[in-house]
Every structure is written in structure tokens, then in C-alpha cells.
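Per-entry structural report
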Amino acid sequence: MTSILWLRRDLRRADHPALAAAHSDGDVLPLFVLDPAIYDSAGPVRQAWLARTLRALDDSYDGRLCLRRGKPEQAIAQLAKEIGATAVHVSTETEPDGAARDARVKAALADEQIAWVETGSPYAVTPGRVRNAQGNPYRVFTPFSRAWRDHGWRGPSVEPKGLTLATAESDDTAWATLDAAAAAEGLPDLPEPGESAALARWHEFVDDGLGRYAADRDRADRDGTSRLSPYLKFGVVHPRTLLADLVGRSAKGTDRYGTELAWREFYADVLHHNPDSLWHDLRADLGSMAYDDDPELIEAWRQGRTGYPFVDAGMRQLLATGWMHNRVRMVTASFLVKDLHVWWPAGARHFLAHLIDGDLASNNHGWQWVAGTGTDAAPYFRVFNPITQGQKFDPDGSYVRRWVPELGHLDGAAAHEPWDQPDGYAHDYPHRIVDHAEQRRVALDRLAATKAG
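This write-up is about the structure you can find in this document. (Residues numbered from 1 in each chain as written. Predicted model: local features only at pLDDT ≥ 70, side-chain atom pairs only at ≥ 80, totals over all residues. Heavy atoms only, no water.)

Now for the packing of aromatic side chains. Scanning the model with the defined rule gives 26 aromatic pairs in all. Each ring, one from Phe-141 and one from Trp-263, has its centre 3.8 Å from the other, and the planes form 5°; the classification is stacked. With Phe-141 in helix H6 (residues 141-151) and Trp-263 in helix H12 (residues 253-273), this residue pair connects regions lying 122 residues apart in the sequence. Residue class for Phe-141 comes out buried when judged on its relative accessible area of 10%. Note on Phe-310 and Tyr-399: the rings are 5.8 Å apart at their centroids and 65° apart in plane angle, and the pair reads as edge-to-face. Of the two residues, Phe-310 is situated in helix H14 (residues 309-321) and Tyr-399 in helix H19 (residues 398-403); the sequence distance between them amounts to 89 residues. Taken as a pair, Phe-310 and Tyr-399 share a single burial class, namely buried. These aromatic residues form a ring-pair network of at least three members: Tyr-138, Phe-141, Phe-144, Trp-263, Phe-266 and Tyr-267. Directly above the ring of Trp-369 sits Arg-382, whose terminal nitrogen or CZ lies 4.0 Å from the centroid. (Phe/Tyr/Trp six-rings, centres within 6.5 Å; stacked < 30°, edge-to-face > 60°. Helix = DSSP H or I, 4+ residues; strand = E, 2+ residues; numbered from the N terminus. Buried < 20%, exposed > 50% of the residue type's maximum accessible area, 1.4 Å probe, protein only. Lys NZ or Arg CZ within 6 Å of the ring centre and 35° of its normal.)

Let us look at the sheet that holds strand E1 (residues 2-6). Ordered by their spatial adjacency, five strands build an open sheet running E3-E2-E1-E4-E5, and the pairing between neighbours is parallel. Among the strands making up the open sheet, the edge pair consists of strand E3 (66-69) and strand E5 (115-118). Neighbour to neighbour, the strand axes of the sheet diverge by 30° on average, direction disregarded. Pairing of strand E4 (residues 87-90) with E5 involves four bridges; the strand directions are parallel. Bridge assignment links Val-88 to a residue of E5, and that residue is Trp-116. Contacts from helix H5 (residues 96-111) reach E1, E4 and E5, with the element oriented near 145° to E5. (Pairing = 2+ DSSP bridges. Axes fitted to C-alpha atoms, helices over the stretch in contact; angles between N-to-C directions. Contact = heavy atoms within 4.5 Å.)

A separate point is the pattern of salt bridges. Throughout the structure, instances matching the rule amount to 28 salt bridges. For Arg-13, the salt bridge identified is with Glu-159, shortest N-O distance 3.0 Å. Taken as a pair, Arg-13 in the loop between E1 and helix H1 (17-23) and Glu-159 in the loop between H6 and helix H7 (172-182) lie far apart in primary sequence, 146 residues in all. The structure contains a network of salt bridges with shared partners spanning Arg-9, Glu-93, Glu-95 and Asp-359. (Salt bridge = Lys/Arg side-chain N within 4 Å of Asp/Glu carboxyl O.)

The subject of this paragraph is the pairing of E1. Taken across its five residues, E1 has five buried, putting it largely inside the fold. Relative to strand E2 (residues 27-34), E1 is paired through five bridges, and the arrangement is parallel. Note that in E2 the partner of Thr-2 across the bridge is Asp-27. Running through H1, the crossover from E1 to the neighbouring parallel element E2 is right-handed. Bridge analysis of E1 against E4 gives three bridges, and the strand direction is parallel. Residue pairing across strands places Ser-3 opposite Ala-87, the latter belonging to E4. (Right-handed = clockwise from strand over helix to strand, strands pointing away.)

Turning to the packing of H6 against H12, a few remarks are in order. Where H6 contacts H12, the two axes come as close as 9 Å, and the packing angle between them is 105°. In this view, H6 runs roughly perpendicular relative to H12, as classed from their interaxial angle. On H12, the residues touching Phe-141, Phe-144, Ser-145, Trp-148 and Arg-149 of H6 are Asp-255, Gly-258, Thr-259, Leu-261, Ala-262, Trp-263, Glu-265, Phe-266 and Asp-269. Within the contact of H6 with H12, the residues separate by chemical class into seven nonpolar, three polar and four charged. (Parallel < 35°, antiparallel > 145°, perpendicular 65-115°, else oblique. Nonpolar A, V, L, I, M, F, W, Y, C, P; charged D, E, K, R; others polar.)

All right, on to helix H13 (residues 295-303) then. Every α-helix carries 3.6 residues per turn, so stepping three or four residues along brings you back to the same face. For H13, the complete set of buried residues consists of Ile-298, Ala-300 and Trp-301. The arc that holds the buried residues of H13, viewed along the axis, is 155°, so those residues lie on one side. Exposed positions of H13 whose direction lies more than 90 degrees from the buried face are Pro-295 and Glu-296. On the buried face of H13, the contacting elements are H14, helix H15 (326-339), helix H16 (345-354) and helix H17 (360-371). The residue sitting at the N-terminus of H13 and contributing the capping side-chain oxygen is Asp-294; that oxygen lies 3.0 Å from the backbone nitrogen of Glu-296. (Arc of directions from axis to C-beta. Polar contact = N/O pair within 3.5 Å; in protein donor to acceptor, adjacent residues only side chain to side chain.)

Relative to the assigned elements, Gly-314 resides in helix H14. A C-alpha to C-alpha distance of 10.0 Å links Gly-314 and Gln-303, two positions 11 residues apart in sequence.

With 17 residues, helix H20 (residues 436-452) extends 24 Å between its outermost C-alpha atoms, agreeing within 8% with the 24 Å of an ideal straight helix rising 1.5 Å per residue. His-436, Gln-439, Ala-443, Arg-446, Leu-447 and Thr-450 are the residues of H20 that are buried. End-on view of H20: buried residues confined to an arc of 100°, all on one side of the axis. In H20, the exposed positions angled more than 90 degrees off the buried face are occupied by Arg-441, Asp-445, Lys-451 and Ala-452. At the N-terminal boundary of H20, the capping side chain belongs to Asp-435, with an oxygen 3.3 Å from the backbone nitrogen of Ala-437. (Expected span 1.5 Å × (residues − 1).)

This paragraph deals with the nonpolar core. Judged by nonpolar contacts, the single largest core of 105 residues is most densely connected at Leu-11, Leu-54, Trp-148, Tyr-257, Trp-301 and Trp-367. Other than its neighbours up to four places away in sequence, Tyr-257 contacts Trp-202, Phe-205, Leu-210, Tyr-213, Ser-226, Leu-228, Leu-242 and Leu-246. Grouped together as the second largest cluster of nonpolar side chains are 19 residues, Leu-29, Val-88, Leu-109 and Ile-114 included. (Core = buried A, V, L, I, M, F, W, Y, C linked by side-chain atoms within 4.5 Å.)

Within the secondary structure layout, His-436 lies in helix H20. With residues near it in sequence (within four places) discarded, His-436 still touches Tyr-308, Asp-339, Val-383, Phe-384, Asn-385 and Pro-386.

Here we take up unusual backbone geometry. In this structure, Arg-227 takes a positive phi of about 60° despite not being glycine. Of note in the backbone geometry, His-341 takes a positive phi value of approximately 60° without being a glycine. With respect to the helices and strands, His-341 occurs in the loop between H15 and H16. Taking relative accessible area as the criterion, His-341 reaches 3% and is therefore assigned buried.

Below, the structure is given as C-alpha cells:
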């Protein structure tokens, strides 16, 4: 017998419970479905990252990855009939759109009497399993993280012995589409794709960076993070694999790194229980907040031409590389929401269009954390100062000078305040589009109005 392993956010071969389950049914056909509804809406950098990841995945599966293009409910049912598959195995999907898609595929397979089998998920603990003493989901991170650790997780899955991979004809036009995306002109230097590269990066970080992680992770001017997020996005490496490697380590950053993985699992859990929060405020208490929608100001933010160097450096890093340092994500998000008074979904969509690690739950709930409309108990009046944040997390200005060449002539921290330098605007750097202190007052006045109303 043959079963299909439909790969989605689990683009790897190692530590793959669904692969082991599929093996129990006989030969396994690894499959990826290129859904135009999703792929065509992605930016070129995101498309290139997926394309290169899938080529590496094909290598992992000995050149036997089957690629089809189309609506999954049609493409998978058709393939199952072609090869006489008795079952389709997947990792459980809990994001709203993914769960709805899976329901459609499951129904189409049921009509053909083909089994649907879910095993594992993209998370160490599948969303929905961590609950409080009353059996309710958590809405605040700290108690969730404690319960998440107490719940624990299984060790990494071992590839089954005697695994036999089946083959089926791929859609050559789909591969051509991906190969063109992977080789497109003007792409930034993307990470090396595939699980071997992900694990190599991880082991390098554990050996050389974990001890500095707690101190360096917020420094935009240092390579102080693991840079595993693009791999976690597609499940090229499983968080359970990373957590297993942290056991028994005494480096200062060990617990902190585990906490960052817990944030990812927390946001996935919150989205699972509150699917409407994907594009709407989780908390309704700021529902009457007044927002602005000035296209010119929003475009200046998107292009990194706000006149605030730390903000502009981050937005240009995003456009140039498909990635942005997490501290800078918070600062740039705060600027859009609190200084330009734009409702957070506009920024969340821009990030998702460009980030190669753009994860729906983490991205959108991270934006709500900044906006004060999500899970965080801290109030709306938390407003990041784009100047002092730069001075603190890029004290020598090297991050700014790297991404804002117009300020390359300014030494040290002077790069954060070109308006205070006689030659600060010598190379046509834009002047500030708003006054931060004034817009902070506007944001707080609008907050007060929601309370009064």
C-alpha cells in the first residue's frame, strides 16, 4: 500500500512524526501542493525562499518530492486516485485558514474513502493542549509559559527503519515557476536552504552564541540571535529538536531562548482559540480608538524614509533582506501605530508580504502586543521612542549606517540624530515626517478619549 505525506509547515525529513505514521501504512509519497491563492500573493523574496526550501526538501527526500499546483482539495484527491493511495498523512494545522483548508481536503478524500491522518504539529505542544486549572486557555504569556514547560513535550521523532519512498509525476510547470523565483534578479543574500543548513546554523549558535544570547539578542548591531526563524516558518527544523538540544545546558541564554520559543507557541495557542484575532483586535476595549490613514505617511514608513534613522534602517533591512531584527520590528511597529496612528493590520500585512519568517500568529499578535490590543496586559500608552531605542540597541550607530547610507558620514551615535549635526542632511536623508513627542501626546489623548467614551 501507498500513503501520501502532504507537507506544509513541516518541510523536513528528520524529527517528523507524520512521516513515521505514514510509513506504518506502507510506501510513502512526499507531496507539496503549490496553492496559487497563497503563492501568488507572496512577494518575490518570500517566493524565492519557499522555492529554494522546496528544492532542498526534494534533495532530502532523494529527489522524490512530488510537486503539484492547484487547489489542495482537488490536487490531492486526484493524486490519491492516480497512485491508489489509501491514506493522506499530515501534521495538524491549527491556523484558521489552514484548518479550513484541511477540512475541505478531508471532505474530498472522504468522498473517495481515503483516510485522513493527523500526527504531530509544527509546535512542541500542539495549540489547545495547555490550559489552566479551570480548563480554560491562557490569555497572558507568563502563566502560559510556566504551564507550557510543566506540560512538556515528547523527544524528537526518529525516522522509521525500512522507509520506502514512492514516486509520482510532478507538475513540471510548477517546478519551473519555483526555479524562476529562486533565480530571480535582485534577490538579497538569503540563508542557505534546507534542514542540513538549519541544523548547521543551530549548532553554530549553540556552540558560539547561546552564552551571549541573553545579553545580545536585543542588539540590532550584533549577530546575537539564532536566525532560525526562517527555518521554523516552514518547519525545516522542529522546535522540539531545538528544545531537546537545550536540555542540560548551563549557558546564560538557554532559558531565555526557551522563553522565546514559548512566545511562538503562546501566540499560536491564542490564535487557535481566537481565530478572529488574526485580523481584528483580540481585546475590544480599544474598539473606539481613532486611527489615521495617510497614504503618503504610510508609504514613507514602508520605504524607510520617515526621517527617524533607527526606524528607517529596519524598514530598509526588511525590503533588502526579507528579515528584520526583532527589537527593530517592535520599534517600527510602534512608529506606525503610535506616531502615525495607523491601525496595526496595515503594518502586519506589509511585514507578511516581505518577511521570509512571516508567521501569521507571531506576526499579527506581535503587532497587537505593540498596539496594546492583544494579549499583553500592558496598556496602550507604551510608546517606543525611536531615538532612544536606537541609542540603546545600536549605541555606535553601525546598524543605522549599514542600512541608511545617507548617514554614513556621521560617526558613532550621531547617526541617530542627524538633525543635531551641521552636516546631518548633507546626503539627502529625509527630514522627520512627524514630531515624535507631539504624536506621542496625540496617541495618549486618543487613548484618553476611548476611556472617556
